[in-house]
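So you can see what is in the structure, the chains are spelled out below.
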Amino acid sequence: MEIFKSFNRLRGMRSQKEKPWTFVKRIIFNDETILDLDQGSIVIFVGPNNCGKSQVLKEIEAPIENRAIVIKSIEFTCKGDLEEESFFKQYFILSGEDGCYSPELNLSMRKSELFDTWKEGTPDYNIFKAFTNRLSIEKRSLVFSGVYSTGTGAQTSDLNLKFHNNNKIAQKISGCYEKIFGVQLASGRSKGNNKFDIYCGNLPCLKDFTMDNQDDYYKQLENFPLVEEQGDGMKSVANILIDTFITDSLITLIDEPEAFLHPPKSRLLGNLLARELDSESQLFISTHSASFIRGIIESNNRNVIIVNMFRNQDKTSISILDEKILATLKDDPIIRYSNVLEGIFYTGIIICESDYDSLFYSSVVNDIADEQDKLGPDILFTHCGGKPRIKMMFKTLRKMAIKPVIICDFDFLFKKDDFESIISEIVEDNIDQIKGDLEAYLEYIKNAPLDAIKKQGKYALPDNILPVYRRIECFLNNNGIFPVPYGEMESFYTGTDKSKRFWVYEILEKFDLAKAPELQNARDFLNKIVEYVYQKG
């Protein structure tokens, strides 16, 4: 039977000795990145498969010095007294005059040492398993079946009992569940035994019944389906909500909460978890879902931190997206409503000027992969809403530890102030390398036939300027900026004079993007960019 981690959070009901409680104060990762936390923190771990997202949750639950894969060290703030009678009896068995041991925590030591190290803030790491609640995918899928695995042995689920005994919070959970699935939750006693069941549906309201006819309410509940009979998604969400909001632990660890859910439901779940989490608790979550993260960000909870994890051979690198970066993602309408947030899950991201540029270029790249019988490249195409926004989106993505690539029309190079402002923020190499060439090129542009250059790109430049531009182009390409060499996207096929939107529609409908000779220049251009992305990824 699952042991309740006795944590009395009703501040007015303290015993003489305060029950012990703790929260994560600081995490130092193996790459020396430091993450400082407080109560109320919501930490989201993201990254590709096998980068250590699930592992980091296990290491927070049961940190082991010198043997952790992702975390170098972890500091907890320890409050209250391990000597508090109900807690000590719940976990420990006395052994001799000063000995004690805990089968649940795999811990055996002198009682005096146990108490002293807790007061000093340096207890045995195994003790922290008493204060964390890890919701693995396995546990969430089996918990309503009566037995689930916790890593320390099979235990009977008490989820239904938790829900039944906490009516006020149960009503809040039911409200959250209704927002996600359109049905409520309520608890009632099973027929013929003392087991409590959780029902779902458009349920009767308990407030409509008096004490004299409450039996009628519970009889009506029996006509509704049980949560444990629903699909994995509905069971998983019920588990997450109940075990997060009705918990005796301040530290809750959730592995892939989006499992079994459609993206809109995942987004709602993220939003509700962030909105409803109390200010004392901490959430640590690993996820592959941009929808879930978007829901978290849209909650306006200012305590959200995203930890982006990268695996390089046997080492995991960490990048932290703090409140300021996430505020940019939330406040900028183009970023907020585009797919740019998904970039944290890709090897590379390519920024285009408009959504139609993005549609065309991504379609060509994916069709080339299909023709070669390969999976589409692990690259996200997105757009920034025009040249003036290139710099802002680029800087935001770099703060997210993403090195984006830019595809822009040739007129990107027309205005000296705009061009220099953008590349000074974007390029990593010293721009002085091409200072002389830039001055010569920009001096030429002042009186150049801009309409022709816009349509033909570098092929409209005179012989004396073309070598100058090629050196600039090489510098830009080496720094992830790829002006369209033929002028603009529409210049890859000049057999129609339709506007950009209808040009894209015609190309997608008319041509085999992977084979059409009319689009060979476009394929060569994009193959070069894809190769660059993977070299730098």
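Bear in mind that the values here come from a model prediction, so they are computed numbers and not experimental data.

## Quick look at the pattern of salt bridges
Scanning the model with the defined rule gives 19 salt bridges in all. The partner of Glu-490 in a salt bridge is Lys-500, and the shortest N-O contact between them spans 3.6 Å. Remark: Lys-500 occurs in helix H19 (residues 500-510) and Glu-490 occurs in the loop between strand S20 (481-483) and H19; sequence separation between them is 10 residues. Of the residues examined, Lys-500 reaches a relative accessible area of 22% and is grouped as partly exposed. Here the residues in one salt-bridge network are Asp-411, Lys-454, Lys-455 and Glu-488, joined through shared partners.

## Some thoughts on the confidence of the model for the protein chain
Per-residue pLDDT for the protein chain has a mean of 84; in total, 91% of the residues score no lower than 70. Scored below 50 in pLDDT, residues 1-15 makes 47 contacts in the model with residues more than four places away or belonging to other chains. Note on residues 145-157: pLDDT under 50 across the span, and 26 contacts to partners over four residues away in sequence or across chains.

## What about a nonpolar patch on the surface?
A contiguous nonpolar patch, built from Leu-359, Phe-502, Tyr-505 and Leu-508 and spanning about 310 Å² of accessible area, is present on the exposed surface. Here the nonpolar patch takes three residues from H19, the largest share from any one element. Here Phe-502 is to be found in helix H19. When its relative accessible area of 40% is taken as the criterion, Phe-502 is described as partly exposed.

## Quick word on the pairing of strand S18 (residues 379-383)
Among the five residues of S18, four are classified as buried, and the element is accordingly described as predominantly covered. One ladder, built from five bridges, connects strand S17 (residues 348-352) with S18; its direction is parallel. Looking across to S18, one finds that Ile-350 is bridged to Phe-381.

## Considerations on helix H14 (residues 390-399)
Buried within H14 we find Ile-390, Met-393, Phe-394, Thr-396 and Leu-397. In a view along the axis of H14, the buried residues occupy a sector of 165 degrees, so they form one face of it.

## Here we look at helix H10 (residues 290-298)
The element H10 is extensively covered by neighbouring structure, given that eight of its nine residues are classed as buried. For H10, the complete set of buried residues consists of Ala-290, Phe-292, Ile-293, Arg-294, Gly-295, Ile-296, Ile-297 and Glu-298. The backbone nitrogen of Ser-291 lies 3.3 Å from a side-chain oxygen of the residue at the head of H10, namely Ser-289. At the C-terminal side of H10, Asn-300 shows a positive phi close to 70 degrees.

## Topic: a negative patch on the surface
A surface patch of like charges, here negative, comprises Glu-113, Asp-116, Glu-120 and Asp-124. Following the sequence through the fold, Asp-124 ends up in the loop between helix H3 (111-120) and strand S8 (132-135).

## Describing the packing of helix H6 (residues 167-181) against helix H9 (residues 263-276)
For any two helices packed against each other, the geometry is given by the interaxial angle and the distance between the axes. Where H6 contacts H9, the axes come no closer than 9 Å and their chain directions differ by 155 degrees. What the angle tells us is that H6 and H9 run roughly antiparallel. Crossing of H6 against H9: the hand is right-handed. Listed contacts from H9 to Lys-172, Cys-176, Lys-179, Ile-180 and Phe-181 of H6 are Lys-265, Leu-268, Leu-269, Leu-272 and Glu-276.

Analysis parameters
- Residues numbered from 1 in each chain as written.
- Predicted model: local features only at pLDDT ≥ 70, side-chain atom pairs only at ≥ 80, totals over all residues.
- Heavy atoms only, no water.
- Salt bridge = Lys/Arg side-chain N within 4 Å of Asp/Glu carboxyl O.
- Helix = DSSP H or I, 4+ residues; strand = E, 2+ residues; numbered from the N terminus.
- Buried < 20%, exposed > 50% of the residue type's maximum accessible area, 1.4 Å probe, protein only.
- pLDDT = per-residue confidence, 0-100.
- Contact = heavy atoms within 4.5 Å.
- Patch = residues over 30% accessible without salt bridge, like charges linked within 9 Å, V, L, I, M, F, W, Y side chains within 5 Å.
- Areas by Shrake-Rupley, 256 points an atom, 1.4 Å probe, with all protein chains shown as cover.
- Pairing = 2+ DSSP bridges.
- Arc of directions from axis to C-beta.
- Polar contact = N/O pair within 3.5 Å; in protein donor to acceptor, adjacent residues only side chain to side chain.
- Lys, Arg positive; Asp, Glu negative; His and termini not counted.
- Charge placed at Lys NZ, Arg CZ, Asp CG, Glu CD.
- Axes fitted to C-alpha atoms, helices over the stretch in contact; angles between N-to-C directions.
- Parallel < 35°, antiparallel > 145°, perpendicular 65-115°, else oblique.
- Left-handed = near helix turned anticlockwise from the far one by under 90°.

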